[in-house]
Amino acid sequence: MLFAVTRHDRPGSLALRLSERPIHLKYLETVLDKIVYGGALLGDDGKQSGSILIIDVADAAAATAFADADPYVDAGLFAGTVIRAFRPVFKDGGWL
């Protein structure tokens, strides 16, 4: 089942994001098989201010476990996280 994990960083936390990035990337290496699509959310200044991931996991509990295991959580990077079931409708300019 697909889920969108949307995260917004705490204001002024870019330095924290960058310092914790190596351990975050190591975590992502362990869950690449679950990540369908992902990337950065950018602020008006063009710098990363959050992220969005589309993940494929068994259920909502697995999506929450996936999100909670990110080392950025323990580092206190996120101001908020929203996890919602996701149903794709368009891909590459066409209907699915």
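This write-up is about the structure you can find in this document.

Let us look at helix α2 (residues 60–68). All of the buried residues in α2 are Ala63, Phe66 and Ala67. Each buried residue of α2 lies within a common arc of 95° when the element is viewed along its axis, so the set occupies one face. Contacts made by the buried residues of α2 are with β1 (2–9), α1 (14–30), β2 (35–42), β3 (48–56), α3 (71–75) and β4 (78–85).

This part takes up the packing of aromatic side chains. Evaluation of the coordinates by the stated rule reveals 3 aromatic pairs. Residues Tyr72 and Phe78 carry aromatic rings whose centres are separated by 6.0 Å and whose planes lie at 90° to one another, so their mutual orientation is edge-to-face. Note on accessibility: Tyr72 and Phe78 belong to one class, buried.

Under the counting rule described, the total for this entry stands at 3 salt bridges. Salt-bridge contacts for Arg7 lead to Asp70; the nearest nitrogen and oxygen are separated by 3.6 Å. Placement of Arg7 in strand β1 and of Asp70 in the loop between α2 and α3 is noted, with a sequence separation of 63 residues between them. The residues Arg7 and Asp70 share a single accessibility class, namely buried. Among the salt bridges present, the one from Asp9 reaches Arg17, with a minimum N-O distance of 2.7 Å. Each member of the pair, Asp9 together with Arg17, is buried.

Moving on, we get to α1. An ideal rise of 1.5 Å per residue puts 24 Å on 17 residues; α1 measures up with 24 Å between its terminal C-alpha atoms. The sharpest bend along α1 comes to roughly 55°, located at Arg21, with the proline Pro22 sitting one to four residues further on. Those residues of α1 that sit buried are Arg17, His24, Tyr27 and Leu28.

Core analysis: the largest hydrophobic core is formed by 11 residues, namely Phe3, Val5, Tyr27, Leu28, Val31, Leu53, Ile55, Val57, Ala63, Phe66 and Ala67. In terms of residue count, α2 provides more of this core than any other element does, 3 residues in total.

On to the side chain of Asp70. For Asp70, a relative accessible area of 4% puts it in the buried group. Contact partners of Asp70, with chain neighbours within four places excluded, come to Arg7, His24, Tyr27 and Phe78.

Cut-offs used in this document
Residues numbered from 1 in each chain as written. Predicted model: local features only at pLDDT ≥ 70, side-chain atom pairs only at ≥ 80, totals over all residues. Heavy atoms only, no water. Buried < 20%, exposed > 50% of the residue type's maximum accessible area, 1.4 Å probe, protein only. Helix = DSSP H or I, 4+ residues; strand = E, 2+ residues; numbered from the N terminus. Arc of directions from axis to C-beta. Contact = heavy atoms within 4.5 Å. Phe/Tyr/Trp six-rings, centres within 6.5 Å; stacked < 30°, edge-to-face > 60°. Salt bridge = Lys/Arg side-chain N within 4 Å of Asp/Glu carboxyl O. Expected span 1.5 Å × (residues − 1). Bend = angle between axes of the 7 residues up to and from the residue. Core = buried A, V, L, I, M, F, W, Y, C linked by side-chain atoms within 4.5 Å.

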